[in-house]
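So the chains spell out like this:
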Protein chains: 2
Amino acid sequence: MSRTQRSQLRPPRPGIRGRGIPEATVARLPLYLRALHALAERGVATVSSEELAAAAGVNSAKLRKDLSHLGSYGTRGVGYEVQYLVYQISRELGLTQDWAVAIVGIGNLGRALAHYGGFASRGFRIAALLDAAPGVVGQTIAGITVEPIDDLERVIKEQGVSIAVLATPAGPAQLVCDRLVAAGVTSVLNFAPVVLSVAEGVHVRKVDLSIELQILAFHEQRKSGGTVMDAERLVRELDAVDAVDAVDATEAAGEAAEAAEAMEGMRQ
Amino acid sequence: MSRTQRSQLRPPRPGIRGRGIPEATVARLPLYLRALHALAERGVATVSSEELAAAAGVNSAKLRKDLSHLGSYGTRGVGYEVQYLVYQISRELGLTQDWAVAIVGIGNLGRALAHYGGFASRGFRIAALLDAAPGVVGQTIAGITVEPIDDLERVIKEQGVSIAVLATPAGPAQLVCDRLVAAGVTSVLNFAPVVLSVAEGVHVRKVDLSIELQILAFHEQRKSGGTVMDAERLVRELDAVDAVDAVDATEAAGEAAEAAEAMEGMRQ
DNA sequence: CCGACTTTGTGCGTACGTTCACAAAGGCGT
DNA sequence: ACGCCTTTGTGAACGTACGCACAAAGTCGG
Ligand SMILES: NC(=O)c1ccc[n+]([C@@H]2O[C@H](COP(=O)([O-])OP(=O)(O)OC[C@H]3O[C@@H](n4cnc5c(N)ncnc54)[C@H](O)[C@@H]3O)[C@@H](O)[C@H]2O)c1
Ligand SMILES: NC(=O)c1ccc[n+]([C@@H]2O[C@H](COP(=O)([O-])OP(=O)(O)OC[C@H]3O[C@@H](n4cnc5c(N)ncnc54)[C@H](O)[C@@H]3O)[C@@H](O)[C@H]2O)c1
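Residues numbered from 1 in each chain as written. Chains lettered and ligands numbered in written order. Predicted model: local features only at pLDDT ≥ 70, side-chain atom pairs only at ≥ 80, totals over all residues. Heavy atoms only, no water.

### Some thoughts on the protein's contact with DNA strand C
For DNA strand C, the set of nearby residues contains 25 residues, the closest of which are Ser49(A), Arg64(A), Tyr80(A), Arg28(B) and Arg76(B). One of the side-chain nitrogen or oxygen atoms of Arg64(B) is found 3.3 Å away from a base nitrogen of DNA strand C. A distance of 2.9 Å separates a base nitrogen of DNA strand C from a polar atom in the side chain of Arg76(B). Put simply, the parts of the chain that give the surface near DNA strand C at least two residues each are α4 (60-68), β2 (74-75) and β3 (79-81) of chain A together with α1 (23-41) and α3 (60-68) of chain B. (Near = heavy atom within 4 Å. Polar contact = N/O pair within 3.5 Å; in protein donor to acceptor, adjacent residues only side chain to side chain. Helix = DSSP H or I, 4+ residues; strand = E, 2+ residues; numbered from the N terminus.)

Below, the structure is given as structure tokens:
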């Protein structure tokens, strides 16, 4: 058919020769790091992949594969040296240097973040707080004076901020983000419930509590809606549908587990 | 039915997961929902997958596939009816009913969450606040009185709480979680930097701001050394490296992609 | 120095997720 | 009534992630 030879069209760009660490792995490294810190504090010198994986709540094979992306840092028959591994992961994550972080939007959330001590201990220094409200600007929070948003560009540059936390309302978020990026910020942690669009090369991660709750609600509904997704029953119904081959077979199959059909009538 | 009469070619058997919606899709539905709400507020009646995808910041094919898991709710040549889609997604996510949510640990973060209005508007009713500190218990926050942690079981049951937000320090988190689950909670949104272990059937989602920052730092480190990460340039240089396959790649390439290689030598 | 034992690092099969591309569906103008 | 144009829904290719299972590598007691 006409659709085939695509594989030749694109010069294959396979894995960039080992250097690129999978995103999924990167997301787990902080987890390992935390577990390792806890072990180090307890004076543990050496840990096996099995133990560390248990502490981090992951499969041990996955942990080993993750670590193998950083290099061969384990000793067969023994495990990993805790201190050494802490250092290697820290280095890989860029935590051996200090990062200046700015928080923009010092409301309920921004305030809580500013007070939180868990950042400094990981190499993130809160270098500036910014807000637009006259009542907020000038306040001192956790030892830092809130600066006016008009000074954004100056503050970002003076402090060498490259990572910003965005905690303004949704409305001004994109605008503020644009200014941050223009001022030199290249990573944004966004709490505002909006999809930010940024230039290529700028990294945005979002934290959206509403979304998390909605995902939980989805699963919650599954649980309460009848018994726990009875697989047997579902199969039986699908088979029944196959046998009958009724008019709306597809739809019935699609909605087998529930009476969405009834809802259909509710529309409008 | 009025809607469709899909091709008879394919036996209606998408697999044993007739009703199972992929987790990745579930995670995006709230995003679509938010975009749809915004459209509805602007009075838009109909939207194409292309437009909606842009608003949600995803690929349009992905959006269509996601929606196709809910049913065939679009009209070819036209798009999706906004109101109808809002209803269908809401129903799928279980947002047509009200969920009673408890927040445990009313410190910096718990307080911010309690004050946040964005939950109620999505069908999440904050039904209880719980804390252990005598100074906090009895306070009224956002119209709700903080109850003592000793009353956890009673409160959870009285209010019919099935979703809890855990915002205590890391130390007591697992213990509190166990009590919550024992009292009937089956979904937990965890802010404490610990890996919670729960019985099967209980859903835990975690929000960890430190981890998010560390992931950003990782990417930030990759960028620094060059100016603004120019994707084209990077690819060109990587190709060069591949071709040469030598230890001494260009300096710029070394910084961008081969940094870890050099570090490799530093070990020991 | 050896052989038993432990644990790593990874090949491989499988499952899941993403994206492309297009036939089929349906509206709409004429 | 018809053909054009837009857009959906989905098959298929591709890519990424996961976890099992095991050979290789190393430790350690004797
Ligand atoms: N508080 C929560 O628990 C929570 C939960 C989920 C999401 N969020 C989101 O996080 C963001 C912040 O929430 P919040 O509860 O702190 O809101 P908030 O209203 O308490 O605080 C917002 C702060 O941003 C400031 N601000 C407004 N416009 C600004 C601008 N242009 N530049 C700089 N600062 C500006 C305001 O002065 C205010 O201090 C919101 O987008 C909210 O939707 C908050
Ligand atoms: N504040 C932040 O920005 C932030 C950021 C990332 C992570 N976190 C995490 O979120 C959690 C809460 O952070 P926070 O800043 O609000 O801390 P916090 O110390 O301000 O508040 C913790 C609250 O939990 C209460 N508490 C302690 N033990 C309890 C128990 N056994 N039962 C019930 N309540 C108990 C305390 O009385 C206190 O009110 C912590 O685990 C923290 O690591 C917070």
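### What to know about the environment of Ile163(B)
Within the secondary structure layout, Ile163(B) lies in strand β8 (residues 163-166). Residue classification places Ile163(B) among the buried positions, given a relative accessible area of 0%. If near-sequence neighbours (up to four positions away) are discounted, Ile163(B) is found in contact with Leu213(A), Leu216(A), Ala217(A), Glu220(A), Trp99(B), Ala100(B), Val101(B), Ala102(B), Phe124(B) and Ser187(B). (Buried < 20%, exposed > 50% of the residue type's maximum accessible area, 1.4 Å probe, protein only. Contact = heavy atoms within 4.5 Å.)

### Concerning the sheet that holds β3(A)
Residue and element names in this part refer to chain A. Ordered in space as β1-β3-β2, the three strands form an open sheet in which the pairing is antiparallel. The open sheet terminates on both sides in strands that have one partner only, identified here as β1 (46-47) and β2. As paired elements, β1 and β3 share two bridges and run antiparallel to each other. The partner of Thr-46 across the bridge, within β3, is Glu-81. (Pairing = 2+ DSSP bridges.)

### Brief notes about the side chain of Ser60(A)
In this fold, Ser60(A) is placed in helix α4. Leaving out residues up to four positions away in the same chain, Ser60(A) has contacts with Ser49(A), Glu50(A) and Ala53(A).

### Notes on the sheet that holds strand β9 (residues 187-190) of chain A
Residues and elements named next belong to chain A. Pairing is mixed in the open sheet, where seven strands are placed in the order β6-β7-β5-β4-β8-β9-β10. Taken across any chain shown, the strands that pair with only one partner, and hence form the sheet edges, are β6 (140-141) and β10 (203-206). Of the strand pairs in this sheet, strand β4 (residues 99-104) and strand β5 (residues 124-131) are connected by six bridges, and their pairing is parallel. Within β5, the position partnered with Val-104 by the bridge is Leu-130. Across the sheet, helix α7 (residues 152-159) touches β4, β5 and β7 (144-148), and the angle it forms with β5 is around 170 degrees. (Axes fitted to C-alpha atoms, helices over the stretch in contact; angles between N-to-C directions.)

### Focus: the site of ligand 1
Surrounding ligand 1, one finds 22 residues, the nearest of these being Leu109(A), Asp131(A), Ala167(A), Thr168(A) and Tyr116(B). Of the chains in the model, those with residues near ligand 1 are chains A and B. In the environment of ligand 1, an oxygen atom lies 2.9 Å from a nitrogen or oxygen atom belonging to the side chain of Tyr116(B). Taken by itself ligand 1 offers 810 Å² of open surface, and the protein chains cover 82% of this. Of all the elements in the fold, those that place two or more residues in the shell around ligand 1 are α6 (108-115) and α8 (170-183) of chain A together with α5 (108-115) of chain B. (Areas by Shrake-Rupley, 256 points an atom, 1.4 Å probe, with all protein chains shown as cover.)

Interpretation note: all reported values are geometric properties and have no functional meaning in isolation.
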